[in-house]
Amino acid sequence: MSPTIIPSSDEAAVSQACKDHSITKTEFDALLSRSVSAKATAYCPYSQFRVGATILTHDGANIDGANVENAAYPVGTCAERVAFGKAVTEGHRKFKAVAVATDISPPASPCGMCRQFIREFCELDAPIFMFDKNGAFIVMRLEQLLPLSFGPEALPPPGSNPI
Ligand SMILES: [Zn+2]
């Protein structure tokens, strides 16, 4: 079954999505507008594929990122990892929602590497909002995008398991 694409103009559906994922409409609006705006900061001369990302912290802050490419292609970094890198190095550790925006439709989802990166810092039920070129979106929980995932709790605490 394909996930539902919700137009951001569908007030009832947006309201329900916010309720389902424990965020306010104001937080949703910020995730939408900021992730869309963040696309303009992308450095993507090779793919021309702009991606914007915005993450929402548990204390209500938003941190934005965009993809940063490189002439040595694999060195480029996705918008989501740029945003999380910024947030973590600014002292944030707990996040309650992630938004990703692209210029295509249907919406693009975070790549596998980013799903794992997000896993480090979000609860399994954290919503990932994926906005298309028109602001319509799919929202899925992290555990749906990355089932049976490996996370920090699987490792012993540092120093507790000498080998
Ligand atoms: Zn990625």
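Since this is a predicted model, take the numbers as computed values, not measurements.

Rules of the game
Residues numbered from 1 in each chain as written. Predicted model: local features only at pLDDT ≥ 70, side-chain atom pairs only at ≥ 80, totals over all residues. Helix = DSSP H or I, 4+ residues; strand = E, 2+ residues; numbered from the N terminus. Rg over C-alpha atoms; globule rule 2.2 N^0.38 Å. Buried ≥ 20, exposed ≤ 12 C-beta atoms within 10 Å, placed from the backbone. Contact = placed C-beta atoms within 7 Å. Pairing = 2+ DSSP bridges. Axes fitted to C-alpha atoms, helices over the stretch in contact; angles between N-to-C directions. UniProt positions renumbered as here; feature names shortened; annotations may be inferred. Expected span 1.5 Å × (residues − 1).

Asker: Which residues make up the overall build of the protein chain, and what values go with them?
Answerer: If you tally the helices and strands in the protein chain, you get five helices and five strands. Mapped in sequence order, the helices and strands of the protein chain form the string α-α-β-β-α-β-α-β-β-α. Taken against the 2.2 N^0.38 rule, which gives 15 Å for 163 residues, the C-alpha radius of gyration of the protein chain at 16 Å falls within 12% of a compact globule. For the protein chain, the residues scored as buried account for 33% of the 163 residues in total. Once local pairs closer than 6 in sequence are excluded, the contacts in the protein chain between residues at least 24 apart make up 61%.

Asker: So, unusual backbone geometry: which residues are in play, and what are the values?
Answerer: With an omega dihedral of 0°, the bond running from Ser-105 to Pro-106 counts as a cis peptide bond. Mapped onto the fold, Pro-106 is located in the loop between β3 (95-102) and α4 (112-119). We note that Ser-22 has phi near 55°; this positive angle belongs to a residue other than glycine. Counting through the fold element by element, Ser-22 comes out in the loop between α1 (11-20) and α2 (25-38). Of the residues examined, Ser-22 has 12 C-beta atoms within 10 Å and is grouped as exposed. Residues other than glycine seldom take positive phi values, yet Gln-48 does so here, at roughly 60°. Inspection of the secondary structure puts Gln-48 in the loop between α2 and β1 (51-57).

Asker: Before we move on, could you go through the environment of Ala-40 and cite the residues and values that matter?
Answerer: By the element assignment, Ala-40 lies in the loop between α2 and β1. Once the C-alpha coordinates of Ala-40 and Ala-136 are considered, the two residues, 96 residues apart in sequence, prove to be 18 Å apart.

Asker: Lay out the sheet that holds strand β5 (residues 137-141) with the relevant residues and their values.
Answerer: Judged by pairing direction, the sheet is mixed, and its five strands sit side by side in the order β2-β1-β3-β4-β5 without closing on themselves. Single-partner strands in this sheet number two, and they are β2 (62-66) and β5. The mean inter-strand angle of the sheet, taken between neighbouring strand axes irrespective of direction, is 15°. As judged from the five bridges shared by β1 and β2, these two strands associate in the antiparallel manner. Pairing of Thr-54 across the sheet is with Asp-64, part of β2.

Asker: Explain the environment of Asp-103 to me, and be specific about the residues and the numbers.
Answerer: In this structure, Asp-103 sits in the loop between β3 and α4. For the pair Asp-103 and Gln-48, spaced 55 residues apart in the sequence, the C-alpha separation amounts to 10.0 Å. Each residue touching Asp-103, except ones within four places of it in the same chain, is listed here: Lys-39, Arg-50 and Lys-133.

Asker: Can you lay out the UniProt feature "domain: CMP/dCMP-type deaminase" (unreviewed entry) in the protein chain for me, pointing to particular residues and giving the numbers?
Answerer: On the UniProt side, "domain: CMP/dCMP-type deaminase" (unreviewed entry) is annotated at positions that read residues 26-153 here. In residues 26-153, the share of helix is 28% and the share of strand is 23%. The end C-alpha atoms are 32 Å apart.

Asker: Tell me about α2, and please be specific about residues and values.
Answerer: Helix length check: α2, at 14 residues, gives a terminal C-alpha distance of 20 Å against a target of 20 Å (1.5 Å per residue), a fit within 8%. Of the positions making up α2, those classed as buried are Phe-28, Leu-31, Arg-34, Ser-35, Val-36 and Ala-38.

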